There are 2 protein chains.
Amino acid sequence: MKIITISREFGSGGRELGKRLADALGVPCYDREIIKLIAEQNGFDEAYVSHLSEKVIQVSYPMTIGRRFVTTNPVLEQQIKIISSQREILRQFAQKGDCVIVGRCADIILRDMKPMNIFVYAEQQAKIDRCIANGREGENLDPKVLLKKIKQIDKERAAYRELFTDTEWGDMRSYHLCVNTTGKEVKSLVPGLVNYVNGWFEANK
Amino acid sequence: MKIITISREFGSGGRELGKRLADALGVPCYDREIIKLIAEQNGFDEAYVSHLSEKVIQVSYPMTIGRRFVTTNPVLEQQIKIISSQREILRQFAQKGDCVIVGRCADIILRDMKPMNIFVYAEQQAKIDRCIANGREGENLDPKVLLKKIKQIDKERAAYRELFTDTEWGDMRSYHLCVNTTGKEVKSLVPGLVNYVNGWFEANK
C-alpha cells in the first residue's frame, strides 16, 4: 500500500504539491476533506474545526487534580474530540487504499502503516512571494504581515506535532524526503517526484 | 548546465548515490579524482591530501600579528594550499560540463554556477549497518567505534564547511533536496532520483 504523507511549511506550496502528486499517481488526496468530515461527524462548524485543527489550545490553569485529568474548558474538550476524531478519520482514509494525506501529523498517526513521509519547505522570501501570488481578495498581503503569519502558523504546527511525538516537526530525520520548492513552480517538480515516490515504494531494503 | 553536488553524512551511502546518479545521467562523478589531482599538482601524497581534505586543522597559537596573517605551521600552510587548489580544480571540473561532485563544499564553492544541491542522510543505526556491510578487511567494525567515527567525521565536515559559509552543514535549508537512505538500497533509489533531478533542472521558476 502506498500512503504518502505531506508535512509542509506554510507558503511552501506543500498542499499544492500533495494535490498534484495524488493526481499524478491517480490516488485521492485528503486535506480539507478531513476537516469537513470531522465537522460533520461532531456537529461542528467547518471553519471552527479548521481553526482548531493543527494548533494547540493554550490552557492557563492546572489540568490535573491529583491524578485525574480535568477538562472544564469547553474549547479544550472540543479540541480533544477533534484530535480523536481526526485520528479515526485518518485511519479510515488510509485503510481504503493508496492515498496522499496533507498535514495533520498523519506521518506519526499512521506510522504503523509505513507511509512515505515528505517534508516540503522553502526560503522565507519564496514563501512570502507564494502567499502574495495566491492571495485571496481582502487578505493582508504586506510582506511583514505575511512573514509573521508564516512563522506563527509553523510554530502552531510544530507545537501540535508535539502532542503526538517527541520527534521534531521540520527535522529532516523525521522524513524520507525533503523537497525545497524555492524558485520552482510546484507543478514542474511533480513528474520527477512521482518517479521518486514510486521508486521508493519499490526499493529493496 | 547540470551540476549536481552531493553533501552526505558518513555512512549514509551518499558517495555511492553520487556515483550511481552520475552513471545514470551519463556524466562524470568527481570524488576521489579531486584528491588525486590536488596531490599531483602540489606534489603531496594522496593519503595526506585525503586526510586534510574535509577537515579543519586546529591551530593552538595566535594566527595574526597585528593585521598580518601568520602561517608558520607547515601543516596549516599545506591545508591552505590544498583548499585553494581544491577550489581551482572544482571550478575546472564544473566548467567542463554536466557533472556530479561529491563533498568538498562544492555547493558553496560553485554557488554562482547554480548547482542542484542534494544532501544524503540516514538514521544512525542505518549508517552503522552500512559501514559494517561495506567494511574493509582489518577495519574495526564494532558498532560503538563506528558510531564514534561517524560523529567525528561529520563534525569535521561541518567545521570544514564553516570555512566557506555561514549556512550550516546538514541544515535542509542549504539544499534543494534531502534524501533519507534509511532502510533502502541506494541503487534502488537512483532511477527515481534521476527523474527528479532532470525535472528540477527543467522546472520553471
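Everything here concerns the structure above.
Treat the numbers as computed from the prediction; the structure is a model and nothing was measured.

(A) Molecular detail of helix α2 (residues 32–42) of chain A. All names here are of chain A. Buried within α2 we find I34, I35, I38, A39 and N42. The buried residues of α2 occupy an angular sector of 130° when projected down its axis, which confines them to one face. Those residues of α2 that are buried lie in contact with β2 (29–30), α3 (46–53), α4 (74–96) and β5 (99–102).

(B) A look at the side chain of K127 of chain A. Residues and elements named next belong to chain A. The topology assignment puts K127 in helix α6 (residues 124–133). Overall, K127 belongs to the buried group, its relative accessible area being 2%. Apart from the residues lying within four places of it in its own chain, the contact partners of K127 are E9, F10, G11, S12, A122, I150 and D154.

(C) Looking closely at the pattern of salt bridges. Counted by the stated rule, this structure contains 18 salt bridges over all chains. Put simply, R173 of chain B and E9 of chain A hold a salt bridge, and the shortest N to O gap is 2.2 Å. With one member in each of two chains, R173 of chain B in the loop between α7 (143–161) and β7 (177–180) and E9 of chain A in the loop between β1 (3–8) and α1 (14–25) form a pair that bridges those chains. In this structure R173 of chain B comes out as partly exposed when scored by relative accessible area, which is 36%. In this structure, D31 of chain A and R15 of chain A form a salt bridge, with 2.8 Å as the shortest nitrogen-oxygen distance. Taken together, the positions of D31 of chain A in the loop between β2 and α2 and R15 of chain A in helix α1 put the pair 16 residues apart, joining distant regions of the chain. Since its relative accessible area comes to 39%, R15 of chain A is described here as partly exposed.

(D) Representation of the relation of the copies chain B and chain A. Of the transformation superimposing chain B on chain A, the axial component is 0.0 Å and the angular component is 180°, with the fit at an RMSD of 0.0 Å. On the angle and the small slide along the axis, the relation comes out as a two-fold axis. Rotation axis and chain B: the residue whose C-alpha lies nearest the axis is C178 of chain B, separated from it by 2.4 Å. A symmetric contact is evident, with 100% of the interface residues of chain B recurring at the interface of chain A.

(E) Representation of the interface of chain B and chain A. Every contact between the two is made by 28 residues of chain B and, on the other side, 28 residues of chain A. The junction of chain B with chain A conceals about 2,700 Å² of combined surface from both sides, 54% of it contributed by carbon and sulfur atoms. Considering only the surface of chain B that becomes buried against chain A, M172, R173 and Y196 of chain B emerge as the three largest contributors, covering 24% of it. Scanning the region where chain B abuts chain A turns up two salt bridges. Taken together, chain B and chain A are joined by 16 residue pairs in polar contact (both at pLDDT 80 or more). Elements with a minimum of two residues in the side of chain B that touches chain A: β6 (116–121), β7 and α8 (186–202) of chain B. A per-element tally of the side of chain B that touches chain A places α8 of chain B first, with eight residues. Here the side of chain B that touches chain A is composed, by residue class, of 13 nonpolar, nine polar and six charged. Direction of pairing for strand β7 (residues 177–180) of chain A relative to β7 of chain B: antiparallel, over a ladder of three bridges. Following the sheet pairing, V179 of chain A is matched in β7 of chain B by L177 of chain B.

(F) Examining helix α8 (residues 186–202) of chain A more closely. Residues and elements named next belong to chain A. Between its terminal C-alpha atoms α8 stretches 24 Å, which fits the 24 Å expected from 17 residues at 1.5 Å a residue. Taken as a whole, α8 carries its principal kink of about 35° at G192. Residues V186, S188, L189, V190, G192, L193, V194, Y196, V197, G199 and W200 constitute the buried set of α8.

What counts as what
Throughout, a residue's number is its position along its own chain's written sequence, starting from 1. Whichever chain is written first is A, and whichever ligand is written first is 1; the rest continue in order. For a predicted model such as this one, the threshold for reporting local features is a pLDDT of at least 70, and the threshold for listing and counting side-chain atom pairs is 80 or more; totals across whole chains, interfaces and linings nevertheless cover every residue. Side-chain numbers come from the whole structure's heavy atoms, not from hydrogens or water. Exposure classes here rest on a 1.4 Å probe applied to the protein chains alone. A residue is buried below 20% of its type maximum, exposed above 50%, and partly exposed in between. What counts as a helix is a DSSP run of H or I of at least four residues, what counts as a strand is a run of E of at least two, and both are numbered from the N terminus. To obtain the arc, one takes the directions from the helix axis to the C-beta atoms. We call two residues in contact whenever any of their non-hydrogen atoms come within 4.5 Å of each other. The salt bridge criterion pairs a side-chain nitrogen of Lys or Arg with a carboxyl oxygen of Asp or Glu, the two atoms within 4 Å. Residues below a pLDDT of 70 in either copy are left out; the C-alpha atoms of the rest, at least 70 in both, set the least-squares superposition of the copies. Accessible surface is computed with a 1.4 Å probe, and the buried area is the amount of it that two parts give up when combined, taken over both parts together. We define a polar contact as two N or O atoms separated by no more than 3.5 Å, with the added condition that, inside protein, one atom must be a possible hydrogen donor and the other a possible acceptor, whereas residues neighbouring each other in sequence contribute only through side-chain atom pairs. Any residue outside Ala, Val, Leu, Ile, Met, Phe, Trp, Tyr, Cys, Pro, Asp, Glu, Lys and Arg is labelled polar, Gly included; the first ten of those are nonpolar and the last four are charged. The criterion for strand pairing is that DSSP finds at least two bridges linking the strands in question. How far a helix is expected to stretch is found by multiplying one less than its residue total by 1.5 Å. The term bend refers to the angle at a residue between two fitted axes, each drawn through seven residues, those ending there and those starting there.

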